[in-house]
Amino acid sequence: MSKEIKHLDYAASQVFVDAFTFEAVEALDANPELALKVEAFTSRFCRLQDTLGDKLLPVLLKALGEPDRALLINLEKAEKFGWLDSAEQWIALRQLRNQMIHEYIEDARTLFDALTTAHSNVGVLEKLADELQRQIRDLY
């Protein structure tokens, strides 16, 4: 988990190193180096979120005796236990995936907004990762 966080932080530092602008997103086709960095950030953001929400959280809940449930119910449990500030926020961040991936070619404004929102919420993923890792250490 710490490797995934480290790689996400590195990718974020590469994309958002200077003033990341809408104009830079509009010109991604002409800047393959930045396009690769954006793709790396997007991929790592989505992968960490998948690892936490789809894999680690259900395993931890199961270890605590909770039944298998849908993602939203698991997120609500995580919120109830204080591991996550807001299940709604997590779902909203999850919806960024489509905006960062599928809108990549079609709408520069949507992509820019999604990227900057994801970047400003990397801490949400990192906080949940820390909480889940702490809970797992306490169990074992």
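Summary of the structure given here. (Residues numbered from 1 in each chain as written. Predicted model: local features only at pLDDT ≥ 70, side-chain atom pairs only at ≥ 80, totals over all residues. Heavy atoms only, no water.)

Observations concerning the environment of K37
- If you trace the backbone, K37 turns up in helix α3 (residues 32-63).
- Placed 32 residues apart in sequence, K37 and R69 show a C-alpha to C-alpha distance of 35 Å.
- Beyond its immediate chain neighbours, meaning those up to four positions away, K37 contacts Q14 and V15. (Helix = DSSP H or I, 4+ residues; strand = E, 2+ residues; numbered from the N terminus. Contact = heavy atoms within 4.5 Å.)

Structural notes on the environment of P58
- Secondary-structure assignment places P58 in helix α3.
- Separated by 16 residues in the primary sequence, P58 and N74 place their C-alpha atoms 6.9 Å from one another.
- Contact partners of P58, with chain neighbours within four places excluded, come to L52, G53 and N74.

Remarks on the nonpolar core
- If you look at the biggest cluster of nonpolar residues, it comprises 42 residues, and the most contacted ones within it are F20, F41, L52 and M100.
- Of all elements in the fold, only α1 (2-15), α2 (22-26), α3, α4 (71-80), α5 (87-101), α6 (108-120) and α7 (122-139) reach the threshold of two or more residues within this core.
- At twelve residues, the largest contribution of residues to this core is made by α3.
- Aside from chain neighbours lying at most four places away, what touches L52 is M1, L57, P58, W90, L125, L128, A129 and L132. (Core = buried A, V, L, I, M, F, W, Y, C linked by side-chain atoms within 4.5 Å. Buried < 20%, exposed > 50% of the residue type's maximum accessible area, 1.4 Å probe, protein only.)

Some words on the side chain of Q135
- Secondary-structure assignment places Q135 in helix α7.
- According to the relative accessible area criterion, Q135 is buried, its value standing at 18%.
- What Q135 contacts, discounting residues up to four positions off in sequence, is L60 and W83.

Quick notes on the packing of α5 against α6
- One way to put it is that α5 packs onto α6 with a least axis distance of 9 Å and a crossing angle of 145 degrees. Along this stretch, α5 crosses α6, giving a crossing that reads as left-handed. Contact residues: α5 offers L93, L96, Q99 and M100, while α6 offers T110, L111, A114, L115, T117 and A118.
- A per-class count over the contact of α5 with α6 returns seven nonpolar, three polar and no charged. (Axes fitted to C-alpha atoms, helices over the stretch in contact; angles between N-to-C directions. Left-handed = near helix turned anticlockwise from the far one by under 90°. Nonpolar A, V, L, I, M, F, W, Y, C, P; charged D, E, K, R; others polar.)

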